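Remarks on the overall topology
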Amino acid sequence: MSKPVVLIAEQLSPATIDALGPDFEVRHVDGTDRPALLSALADAHAVLVRSATKVDAEAIAAAPTLKVIARAGVGLDNVDIKAATTAGVMVVNAPTSNIISAAELTVAHILGLARHVPAAHASLARGEWKRSSYTGTELYEKTVGIVGLGRIGGLIAERLRAFGVRVIGYDPYVTPARAQQLQVELASLDDVLRDSDFVTVHMPKTPETTGLIGTEQLKAMKSSAYVINVARGGLIDEDALYDALISGEIAGAGLDVFTSEPPVENGSAHRLLDLPNVVVTPHLGASTDEAQEKAGVSVAKSVKLALEGDLVPDAVNVAGGVIDPFVRPGIALVEMLGQFFAGISHAALTSLDIEVRGELAEYDVSVYRLAALKGIFTNIVSENVSYVNAPLFAEQRGLETRLIVEADSPLYRNITILRGTLSDGTVLTVAGTLAGTRMVPKVVGINDYEIEVPLEKYHVVMRYADRPGIVAIYGQKLGAAGINIVSLQVAQPDNSGRALSVLTVDSRVPEDLLDDMQQAVGGDLFHQIEITEP
């Protein structure tokens, strides 16, 4: 079999290629060359990008076999996550790859502003010797305000403590206990701005945080204070910042990010580049050898997991996260149960309970909900179904789902039950477990019938009035057609006298033969199931 194709659209570290290993065919393309990118995506299973390649709806539509888009970095502005989710394509990034680099660059900006390093360098390079013009300020005993106490904000607080500064912070989602752990005094945004000698912003860019630091906030700061943004362009209103800098409302600013990158001629950001009290860098937050290598290796590992059918902790458009090794073997079982369930359904599904019983109750089994939905929709919809878009298909169809976890399981160490209500009001139940030391996936119950059938590719499920000679009827018809019965399980008749048979056959049964068998047997439930192995 041919190897899955991994397309690398931008320059990544050699360690990234090494992390992928030998199981993939690695191809390269210039992601900024649009026609070449679209052509190369035609048979790609994964694409790795940085920030220059635009993976939008058009690109995703050009990639019918694509399973994962990997951004070797944090931001995802160049990836259409909605289009990817609809297409069932996983999107992954490397959210922690640059946190140390970004924190260190922030400290560099603070020190550069405090001691006028860039301006002093430029002056000396021009042949000038103006020591008195560049008298700075010590950080010792100054107050630094951190707006946003996430991972990067926390690292900055940790590093600044060595300078003997007072660190205060604003973050509506950080608890007092976490702030105490970081040795940061929590305060309101107004208080942080008013009391700080240096303010550094580390919030995600959302509609609520865009322009977070504007005219009124800058007016509230000390005239001797500096503001730094190494997070996202637009968190600080650039027009308001320009006005505050030229009017002397604040002493200076350090900027690594802008609303438009690179800053466009005559744009709000471009004016800031000419000010003597502004230190700028061209979005270097993640631009270290270490960060680039960590980002590439991180997403390479995620690509491997995704192409092997696993959930990925750093996937941004799929729930699940880290899966306990004890939980992992059941994922394929639940997905196959979903396919089996859909195969014997005679009407649309309106609600679904995923019941997990036994020792697994002690673990996070939320991934089983995704596995069940993926299995149910695999042979129902024409689109590619994945862990990414299976919940979307459920939402579009108004399918309500619940995950029920109980320790009580009298017959099995662990059992998963799919119980669904169909549009005609009937309730359908399929139960399964992993049996023995080899953990063989088996169906162990259909409605009230107890059976034990290993899940294979082809099954025929029949319910009929129990009477002698039934097995001979369908056995003869299948034999005449050259279809071998691999195994047969007949469950005891229910209260109505109807028995249930589950056949495992070695090939698909033609529809006309299936109809002939049903007429001969007289069954009221008669389904052929074809299971695609996860």
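One can find the structure itself at the top, above this paragraph.
Let me sum up the structure you'll find in this document. Predicted, not measured: the structure shown is a model, and the values here were computed from it.

The geometry of two aromatic rings is summed up by the distance between their centres and the angle between their planes. Under the counting rule described, the total for this entry stands at three aromatic pairs. When the ring of Phe198 is compared with that of Tyr226, the centres are 5.3 Å apart and the planes differ by 15 degrees; the resulting orientation is stacked. Taken together, the residues span a long stretch of sequence, with Phe198 in strand S9 (residues 198-201) and Tyr226 in strand S10 (residues 226-229) at a distance of 28 residues. Grouping residues by exposure puts Phe198 and Tyr226 together as buried. Measuring from ring centre to ring centre gives 5.0 Å for Phe326 and Tyr363, while their planes differ by 40 degrees; the resulting arrangement is tilted. Here Phe326 is found in the loop between helix H13 (289-307) and helix H14 (329-344), whereas its partner Tyr363 is found in the loop between strand S13 (349-358) and helix H15 (367-378), with 37 residues between them in sequence. Between Arg271 and the ring centre of Tyr242, over which it is positioned, the NZ or CZ distance is 3.8 Å.

Ordered by their spatial adjacency, seven strands build an open sheet running S8-S7-S6-S9-S10-S11-S12, and the pairing between neighbours is parallel. Among the strands making up the open sheet, the edge pair consists of strand S8 (185-186) and strand S12 (278-280). Bridge count between S9 and S10: four bridges; the pairing is parallel. Paired with Phe198 across the bridge in S10 is Tyr226. On top of the sheet, helix H7 (residues 151-160) reaches strand S6 (143-147) and strand S7 (166-170); it is set at about 170 degrees to S6, its chief contact. Strand contacts of helix H11 (residues 238-247): S10, strand S11 (252-255) and S12, with the helix running at about 140 degrees to S11, the strand carrying the most contacts.

One pass over the structure, following the stated rule, counts 24 salt bridges. With a closest N to O distance of 3.7 Å, Asp494 and Arg498 form a salt bridge. When its relative accessible area of 26% is taken as the criterion, Asp494 is described as partly exposed. The exposure class assigned to Arg498 is partly exposed, which follows from its relative accessible area of 26%. When salt bridges that share partners are traced, they join Lys457, Arg508, Glu511 and Glu530 into one network.

Here we take up a negative patch on the surface. Residues Asp18, Glu104, Asp289, Glu290 and Glu293 make up a contiguous surface patch of negative charge. Looking at which element gives the most residues to the negative patch, the answer is H13, with three residues. Position of Asp18 among the secondary structure elements: in helix H1 (residues 14-20). A residue is classified by how much of its surface remains accessible, and Asp18, at 63% relative accessible area, is exposed.

Moving on, we come to the sheet that holds strand S21 (residues 498-505). Spatially, four strands are ordered S20-S21-S19-S22 in an open sheet, and the strand pairing comes out antiparallel. Edge positions in the sheet fall to strand S20 (485-491) and strand S22 (525-530), since each of these pairs with one other strand and no more. Each neighbouring strand pair of the sheet contributes to a mean axis angle of 15 degrees, computed without reference to strand direction. With six bridges connecting them, strand S19 (residues 458-465) and S22 associate as antiparallel partners. Counted as the bridge partner of Met462 is Phe526 from S22. Contacts from H14 reach S19 and S22, with the element oriented near 145 degrees to S22.

The rules behind each value
Residues numbered from 1 in each chain as written. Predicted model: local features only at pLDDT ≥ 70, side-chain atom pairs only at ≥ 80, totals over all residues. Heavy atoms only, no water. Phe/Tyr/Trp six-rings, centres within 6.5 Å; stacked < 30°, edge-to-face > 60°. Helix = DSSP H or I, 4+ residues; strand = E, 2+ residues; numbered from the N terminus. Buried < 20%, exposed > 50% of the residue type's maximum accessible area, 1.4 Å probe, protein only. Lys NZ or Arg CZ within 6 Å of the ring centre and 35° of its normal. Pairing = 2+ DSSP bridges. Contact = heavy atoms within 4.5 Å. Axes fitted to C-alpha atoms, helices over the stretch in contact; angles between N-to-C directions. Salt bridge = Lys/Arg side-chain N within 4 Å of Asp/Glu carboxyl O. Patch = residues over 30% accessible without salt bridge, like charges linked within 9 Å, V, L, I, M, F, W, Y side chains within 5 Å. Areas by Shrake-Rupley, 256 points an atom, 1.4 Å probe, with all protein chains shown as cover. Lys, Arg positive; Asp, Glu negative; His and termini not counted. Charge placed at Lys NZ, Arg CZ, Asp CG, Glu CD.

None of the figures reported here should be taken as evidence of function without further support.
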